[in-house]
Amino acid sequence: MQLDDAVLEGADLRYAILNSAKLYKTDLRGANLELASLRWCTLGGTSMPTVLTGARMFGCRFEGAKGAVVGPVLVDEGATRSLGGAELEAWFSGQGAEHVQVVG
C-alpha cells in the first residue's frame, strides 16, 4: 500500500492494518491510530518524513517499521502523555521499530 503525500489529518484509523505501507510525506496530524498495525512500514525519509504530530498511537504495532517522523505523538490510552524527540525515538525502539528517527 502506498500512501505517499496522502493527507489523513484527523482520520479515524483505529484498528487499521497498514502493514508494509509506504508513508512518505503522509500527513497524519491528529489522526487516531489506536491499536493500528504499522508493522514493516516505511515512515518517510529525513527530507520527507511522515507527520504524526498529535496522533493518538496507544497500542500501535510497529515491529520492523523504519524511516523518519515528525512528532510529538500521544502514546497512552487517555491521550495525555505526549512524546517527541529522543523520548519518541526510544518509544518506537521499545515497540520493535529501532530504525525510526524523529526529525521534528
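In this report, we go over the structure that sits alongside the text. Everything quoted here is computed from the prediction, not taken from an experiment. (Residues numbered from 1 in each chain as written. Predicted model: local features only at pLDDT ≥ 70, side-chain atom pairs only at ≥ 80, totals over all residues. Heavy atoms only, no water.)

1. Observations concerning helix α1 (residues 85-94)
- Those residues of α1 lying buried are Leu88, Trp91 and Phe92. One side of α1 carries all its buried residues, which in axial view fall inside an arc of 100°. Turned more than 90 degrees away from the buried face of α1 sit Ala86, Glu87, Ala90 and Gly94, all of them exposed.
- Where α1 is buried, its residues meet β1 (42-45), β3 (66-70), β4 (73-74), β5 (82-83) and β6 (99-102).
- Downstream of α1 by a residue or two, Gly96 has a phi angle that is positive, lying close to 90°. (Buried < 20%, exposed > 50% of the residue type's maximum accessible area, 1.4 Å probe, protein only. Helix = DSSP H or I, 4+ residues; strand = E, 2+ residues; numbered from the N terminus. Arc of directions from axis to C-beta. Contact = heavy atoms within 4.5 Å.)

2. Thoughts on the pairing of strand β2 (residues 48-51)
- As paired strands, β1 and β2 are joined by 2 bridges and run antiparallel to one another. Bridged to Gly45 within β2 is Met48.
- Linking two consecutive strands that pair antiparallel, namely β1 and β2, is a turn of 2 residues.
- For β2 and β3, the ladder comprises 2 bridges, and the chain directions are parallel. Paired with Val51 across the strands is Val70, a residue of β3. (Pairing = 2+ DSSP bridges.)

3. Re the side chain of Thr26
- On the secondary structure map, Thr26 appears in the segment before β1.
- Classification of Thr26 as buried rests on a relative accessible area of 0%.
- Polar contacts involving the side chain of Thr26 include one to the main-chain carbonyl oxygen of Leu3, which spans 2.6 Å.
- Setting aside residues no more than four positions away along its own chain, Thr26 makes contact with Leu3, Asp4, Asp5, Ala6, Leu8, Pro49, Thr50 and Val51. (Polar contact = N/O pair within 3.5 Å; in protein donor to acceptor, adjacent residues only side chain to side chain.)

4. A look at the environment of His99
- Mapped onto the elements of the fold, His99 is located in strand β6.
- Residue classification places His99 among the exposed residues on the basis of a relative accessible area of 61%.
- Sequence separation between His99 and Thr42 is 57 residues, and the spatial gap between their C-alpha atoms is 9.8 Å.
- Those residues in contact with His99, other than ones at most four positions away along the chain, are Ala65, Lys66 and Gly67.

5. Quick look at the packing of aromatic side chains
- Applying the stated criterion across every chain yields a total of 3 aromatic pairs.
- Relative to Trp91, the ring of Phe62 lies with its centre 5.9 Å away and its plane at 75°, an arrangement referred to as edge-to-face. Separated by 29 residues along the polypeptide, Phe62 in the loop between β2 and β3 and Trp91 in helix α1 bring together distant segments of the chain.
- On the basis of relative accessibility, which here comes to 13%, the residue Trp91 falls in the buried class.
- Geometrically, the ring pair formed by Phe62 and Phe92 is edge-to-face, given 4.9 Å between the ring centres and 80° between the ring planes. Placement of the pair is Phe62 in the loop between β2 and β3 and Phe92 in helix α1, with a sequence separation of 30 residues. Each member of the pair, Phe62 as well as Phe92, is classed as buried. (Phe/Tyr/Trp six-rings, centres within 6.5 Å; stacked < 30°, edge-to-face > 60°.)

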